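Chain by chain, the residues:
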Amino acid sequence: MKGRLYSFLAVVTILFFAFLAGFALLHPGLPPTHDGEYHVIRFYEFDKTLRDHDWYPRWAPDLNNGFGIPLFNYVYPLPNYFSFILHLFGVSFIDAFKLNMFFATIIGSAFFYLWAREFWGTMGGVVSSVFYTFSPYHFVEIYIRGSVGEVWALAFFPAFLWAFTRFVKNKQKIFLAFSSLFLALIIFSHNILALMFFFFALSYIVFLIAQVTNKKYLILNTLHLILISLGLSSIFWLPAILESNLVKGLEIFDLTAHFPDLYQLLIPSWGSGFSGESLNNQLSFQIGIANLLAVLLSILLVTFKICNFRIFRHSGERSDSRIKNRFWTRRVPDGNPSSQNDGKASAVIFFLVFFFFTFFLMLKASQPIWNNAPLMNYFQFPWRFLSLEIIFSSFLAGSIIYFCKSKILAIFLILLTFSLGIGYTKPAYYHYRDDNYYLTRSNFIDGTNSPGNVFNTIFFKTDLKKQKEKLFFLEGSGKINQEIVKSTRYAFDIKAEKDSEIRVNTAYFPGWVIKLDGKRIKPKIASSGLFSFSIPEGQHLVEIKFTDTPARIIGAFGFILSSFILIALSIRVVFATIRR
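What you are looking at is a predicted structure, and each value in this text was computed from that prediction instead of being measured.

## A closer look at the sheet that holds strand β10 (residues 530-535)
Move 1: Judged by pairing direction, the sheet is antiparallel, and its four strands sit side by side in the order β3-β6-β10-β9 without closing on themselves. What marks the edges here is a single partner per strand, and that holds for β3 (471-475) and β9 (524-525).
Move 2: Summarising the sheet, β9 and β10 pair through two bridges and their orientation is antiparallel. When the bridges of β10 are listed, Ile 525 appears paired with Phe 531.

In structure tokens:
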């Protein structure tokens, strides 16, 4: 009972601090962030397309002056689906944006506690979780950048690390299923951070497997895990990669202009500007005083351990592990309590190495790596590695409590990171607007919803004025009766007085097909980037629909197949548990 009460109080503590971290998101109005207003429009477009029974939207019909763009073929879908669910219950898109980040903050805090507890015990898990939640860059993502996808990715990072750690520790297949699901959710949350995290996750997987016996079993199941997660998310990433050459503007950032200086990483600062702007209002790149202190103390403690200073005590915690290995075993055969810490010290060293490596990647001195290593340009901003830095430093904060066994120190560290971070949770002001404010203004709805004309098709070459009608006679004459005009499907009854050419006021993109009286005809792509079709004299029914290309079909098949595999695996685990 005492242990359960202790765990309950730990959960209440981390949820309390997570609530404080996100409390400003419950305030009426929209905090002024870099991406918030973009997401309000995206949520609306995604919701509209879903309501038109396109279950995996890829097209945003109202953007680009009403000519549309394939925005959702390339943009992470998870926040949009979450917004859709909230909107079904009457939540505005503005509030859906804020609640996306609020719930992501709560979920990330809980999973970071569960993960860190596997290494550092209950109190160490609480300290790590609070450090993670109150890391300055976490608040940059929420209250300055408003990058809702990255906030969700930050929530699912520790979820995957917890699930895989549990799988390695206990070999229970249910955690293999959780690991696959969480890795897929990371990809659905933010594709750039997913790739960044994936490289670290592979190293973490190798590190854990190296600590235990029966490596072959774990390696094979890890391969299954990766394949299932890639299959689950293939409906998103496969078309986004294979069709990336069909849109323009994806490479609009010069990474050489976005290396933070050393002092910007170390010295606290706060600004609402963008990366690359003047220092007076530039984005904050600080790692955080408390986070840096945690790294410093963990270095000192692991150094003492390596030098055999006997400052550590055996924790005496009961183990539920069935794997006998030097990493998690609580009972030490040689009778030396400190020998249990050898595996824990190796975990500290592992995360310290990654902390300083990613620290180096954010400095201009690492530019040769950025210029020559494959995929590095995909990350756009070197300071994006702060997403990993706050994982490493917060995890290391828990190790301090594990080695020192001091509740007073734990309370001090929690209050320290809370007091240093709480000031970053207060937006300067709020925009008191409703959804209609954004949906009716051309500067929000008529563009491409991104800077630099990103996501417009390579075929669209001119700035065309908004048109009232979807079809018009380019050549010839007649009458067009509109039957259906939805997000990705149009139907018209057309009476042509002679052989004619009809222009469609929609940007062409592979997937748009035309059927004339039930027979598919080939569209003609104009120099403007719109498309047209020929129609003979007489009465005709024309249907125009946005369909899936081979890449999208394969991605959808991978999603369905992997979903069945994951469900079957989960059912099998449940029945096996019931039989026991």
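So, next bit.
## Thoughts on the sheet that holds strand β5 (residues 489-496)
Each strand in a sheet pairs with another by means of backbone hydrogen bonds, the pair being arranged parallel or else antiparallel.
Move 1: As summarised here, the arrangement of the five strands in space is β4-β5-β11-β7-β8, forming an open sheet in which the pairing is antiparallel. Where the open sheet ends on each side, the last strands, each with one partner, are β4 (478-485) and β8 (519-521). Neighbour to neighbour, the strand axes of the sheet diverge by 25° on average, direction disregarded.

## Considerations on the pattern of salt bridges
Move 1: For the coordinates displayed, the defined rule picks out 13 salt bridges.
Move 2: Residues Lys 98 and Asp 95 are paired through a salt bridge, measuring 3.4 Å at the closest nitrogen-oxygen approach. Of this pair, Lys 98 and Asp 95 both sit in helix α4 (residues 93-133), separated by three residues, roughly a single helical turn.
Move 3: Lys 98 sits in the buried class, given a relative accessible area of 2%.
Move 4: Asp 95 gets classed as partly exposed once you look at its relative accessible area, which sits at 32%.

## Topic: the packing of helix α11 (residues 289-306) against helix α14 (residues 386-404)
Move 1: The contact between α11 and α14 brings their axes to 8 Å, and the two run at 45°. Relative to α14, the element α11 is oriented oblique. In terms of crossing hand, the pair formed by α11 and α14 is left-handed. In this structure, α11 uses Asn 291, Ala 294, Val 295, Leu 297, Ser 298 and Leu 301 to contact α14, whose residues at the interface are Ser 393, Ser 394, Leu 396, Ala 397, Ser 399, Ile 400, Phe 403 and Cys 404.
Move 2: When the residues that make up the contact of α11 with α14 are grouped by side-chain class, the tally is nine nonpolar, five polar and no charged.

## Overview of the packing of helix α7 (residues 173-189) against helix α8 (residues 191-210)
Move 1: Contact geometry of α7 with α8 gives a least axis separation of 6 Å together with a crossing angle of 140°. With respect to α8, the element α7 is oriented oblique. Two secondary-structure elements touch here, α7 through Leu 183, Ile 186, Ile 187 and Ser 189 and α8 through Asn 191, Ala 194, Phe 197 and Phe 198.
Move 2: Looking at side-chain class alone, the contact of α7 with α8 contains six nonpolar, two polar and no charged residues.

## A short note on the packing of aromatic side chains
Move 1: Tallied over the full model, the rule gives 76 aromatic pairs.
Move 2: A ring pair is formed by Phe 112 and Trp 115, whose centres lie 5.2 Å apart and whose planes are at 80°; its orientation type is edge-to-face. Taken together, the positions of Phe 112 and Trp 115, both in helix α4 and three residues apart, correspond to about one turn of that helix.
Move 3: The buried category is assigned to Phe 112, whose relative accessible area is 0%.
Move 4: One cation-aromatic arrangement involves Lys 344 over Tyr 402; the distance from NZ or CZ to the ring centre is 5.6 Å.
Move 5: In this structure, Lys 405 is placed above the aromatic ring of Tyr 402, and the distance from its NZ or CZ to the ring centre is 4.0 Å.

## What about the confidence of the model for the chain?
Move 1: When the pLDDT values of the chain are averaged, the result is 89; 92% of them are 70 or greater.
Move 2: Low pLDDT (under 50) marks residues 310-326, which in the prediction has 43 contacts with non-local residues, meaning those over four places away or in another chain.
Move 3: Ignoring residues within four places in sequence, the model shows residues 329-340, a span with pLDDT below 50, making 22 contacts including any to other chains.

## Description of the nonpolar core
Move 1: With 181 residues, the main nonpolar core has Trp 115, Phe 157, Phe 160, Phe 197 and Ile 544 as its most contacted residues.
Move 2: Top element by residues in this core is α4. It accounts for 20 residues.
Move 3: Look past the residues within four positions of Phe 157 in its chain and what remains in contact with it is Tyr 132, Ile 186, Leu 193, Phe 197, Leu 388 and Ile 391.

## As for the environment of Ser 269
Move 1: Tracing the backbone through its elements, the reader meets Ser 269 in the loop between α10 (262-266) and α11.
Move 2: Between the C-alpha atom of Ser 269 and that of Leu 420, which follows or precedes it by 151 residues, the distance is 12 Å.
Move 3: With residues up to four places along the chain from it excluded, the contact list for Ser 269 reads Ser 284, Phe 285, Gln 286 and Tyr 424.

## A look at the environment of Gly 511
Move 1: Assignment of secondary structure puts Gly 511 in the loop between β6 (500-507) and β7 (512-516).
Move 2: Among the residues examined, Gly 511 registers a relative accessible area of 11% and is labelled buried.
Move 3: Linking Gly 511 and Asp 62, residues 449 residues apart in sequence, is a C-alpha distance of 18 Å.
Move 4: Ignoring sequence-local partners within four residues, the contact set of Gly 511 consists of Lys 545, Phe 546, Thr 547, Thr 549 and Arg 552.

Conventions adopted
- Residues numbered from 1 in each chain as written.
- Predicted model: local features only at pLDDT ≥ 70, side-chain atom pairs only at ≥ 80, totals over all residues.
- Heavy atoms only, no water.
- Pairing = 2+ DSSP bridges.
- Helix = DSSP H or I, 4+ residues; strand = E, 2+ residues; numbered from the N terminus.
- Axes fitted to C-alpha atoms, helices over the stretch in contact; angles between N-to-C directions.
- Salt bridge = Lys/Arg side-chain N within 4 Å of Asp/Glu carboxyl O.
- Buried < 20%, exposed > 50% of the residue type's maximum accessible area, 1.4 Å probe, protein only.
- Parallel < 35°, antiparallel > 145°, perpendicular 65-115°, else oblique.
- Left-handed = near helix turned anticlockwise from the far one by under 90°.
- Contact = heavy atoms within 4.5 Å.
- Nonpolar A, V, L, I, M, F, W, Y, C, P; charged D, E, K, R; others polar.
- Phe/Tyr/Trp six-rings, centres within 6.5 Å; stacked < 30°, edge-to-face > 60°.
- Lys NZ or Arg CZ within 6 Å of the ring centre and 35° of its normal.
- pLDDT = per-residue confidence, 0-100.
- Core = buried A, V, L, I, M, F, W, Y, C linked by side-chain atoms within 4.5 Å.

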